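Next come the chains, spelled out residue by residue.
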Amino acid sequence: MNPITYFSAEDVSGALAHLYSGVDANAGPSKVIAGGTNLLDLMKERVMGPQQLVDINALPLDQITPTPDGGLRLGAIARNADTAYHPLVRAQYPVLTAAILAGASPQIRNMASNGGNLLQRTRCHYFYDTTTPCNKRAPGTGCSAIGGLTRQHAILGASEHCIATHPSDMCVALAALGAVVGVSSNAGERRIDFADFHRLPGEQPERDTVLAAGDLITYIDLPPAAQFARHSAYLKFRDRASYAFALVSVAVMLDMGEDGMVRDARIALGSVAHKPWRVSAAEAVLIGRQVDEAAFAEAADLLLAGAQGQGQNNFKLTMARRAVIRALTQAVEGTHDNTEELTDDEASL
């Protein structure tokens, strides 16, 4: 049994004072806990063994409030379910509602926090299996996935050290929205563009994000996006209809004029790389054009430029292209936020 010190923080400064101030944010002896839906699993499997847990559930970081610029601030410990069903999120950011409700189960969404969703670790089989080499879990030991079971693994942005994918649904929508992550540390506060928050594996696959040890996510800011609310879609391909991680997912948002021309577009792919995947050229090619399958196919090809399969996951190359085209087609037709698929009883679980 590994002894663990538990500290319940009453304010941000108290939480920061108890966080490890070392170099590696993923391997330090102190870990923040809010919902714990991923961290506790990792501890049970002995993938992670923090020496101290800093509980932040008492901090005033659970609110969802409008920002002066017309956007929305999501508190870091606001629960995923509360975020998905918040009236302002549903009205102005339906792609985020749809993405959150496509993930996990109602019970987990009731526990999982917004900040924790950003920090969840890969679901690579080898990462969880402590009997196998894994550069993400133990840097320098090798990547067992390369040449192994690769069905769920990356087709974009991988390296010779890691081909794992980021598992979040919510993060794919946040990438499309161009969110900003607010972070506090002993050095002060800073804001990180969502596109820069998660890392590609490179030579340091153990680092999922740009956070340093001692950093604490306090909020996520969403820019104004009402122009996309009528034409958005989140599409998720998976092995079963619920409680399964994506093989490929895509978040799409379109701003369309009355003449049917695209005025602005956002596209982000999930479960294809170490981070949500977004390419500005793929969005730009749609602007000023009438919507049709040829334009959507061109956008998909630009988004997937350089994609490479790992053998067992070669099907993702075709699946991702078709997913982008289908999601864009659905967005043209209107927006679905997935709430119509749940009964009142299910939504309250």
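Above: the structure in question.
The notes below deal with the structure included here. Only a predicted model underlies this, so the values are computations on that prediction, with no experimental measurement involved. (Residues numbered from 1 in each chain as written. Predicted model: local features only at pLDDT ≥ 70, side-chain atom pairs only at ≥ 80, totals over all residues. Heavy atoms only, no water.)

Side note on the sheet that holds strand β6 (residues 180–185)
As a reminder, the rule being used: Two strands pair if DSSP finds at least two bridges between them. In this description a helix means any DSSP run of H or I spanning at least four residues, a strand means any run of E spanning at least two, and both kinds are numbered starting from the N terminus. Here the axes come from fitting lines to C-alpha atoms, over the contacting stretch only for helices, and the angles between their N-to-C directions go from 0 to 180 degrees.
Read from one edge of the open sheet, 5 strands run β4-β5-β8-β6-β7, paired in antiparallel fashion. Each end of this open sheet is capped by a strand with a single partner; those strands are β4 (64–66) and β7 (188–193). The average undirected angle you get between the axes of adjacent strands in this sheet is 25°. As paired strands, β4 and strand β5 (residues 72–75) are joined by 3 bridges and run antiparallel to one another. From the neighbouring strand, Pro66 faces β5, where its bridge partner is Leu72.

Section: the pattern of salt bridges
Pairs may arise between side chains of opposite charge once their charged atoms sit close together. Stated precisely, the cut-off is as follows: Between Lys or Arg on one side and Asp or Glu on the other, a salt bridge is scored when a side-chain nitrogen of the former is within 4 Å of a carboxyl oxygen of the latter. Only protein chains enter the accessibility calculation, which uses a 1.4 Å probe; a residue is then buried when its area is under 20% of its type maximum, exposed when over 50%, and partly exposed in between.
Inspection of the entire model under this criterion finds 13 salt bridges. Arg191 is the partner of Asp221 in a salt bridge, and the nearest nitrogen-oxygen pair spans 2.8 Å. A residue pair is termed long-range when its members are at least 10 positions apart, and Asp221 in strand β8 (residues 216–222) and Arg191 in strand β7 qualify at 30 residues. Given a relative accessible area of 9%, Asp221 falls into the buried group. Among the ionic contacts, a cluster of salt bridges with common partners joins Arg73, Arg191 and Asp221.

Let's talk about the nonpolar core
Counted only if it meets this: Buried Ala, Val, Leu, Ile, Met, Phe, Trp, Tyr and Cys residues that are joined via side-chain atoms within 4.5 Å together make up what is termed a nonpolar core. Two residues form a contact once any of their heavy atoms are found within 4.5 Å.
With 40 residues, the main nonpolar core has Leu74, Leu96, Leu118, Leu174 and Leu222 as its most contacted residues. Among the secondary structure elements, those contributing two or more residues to this core are β5, α5 (94–101), α9 (170–177), β6, α10 (194–197), β8 and β10 (248–256). For this core, the leading source of residues is α9, giving 8 residues. Every residue in contact with Leu174, bar those within four places of it in the chain, is listed here: Leu96, Leu118, Ala179, Phe194, Ile220 and Leu222. In this structure, Val252, Ala295, Ala299 and Ile325 belong to the second largest nonpolar core, which totals 36 residues.

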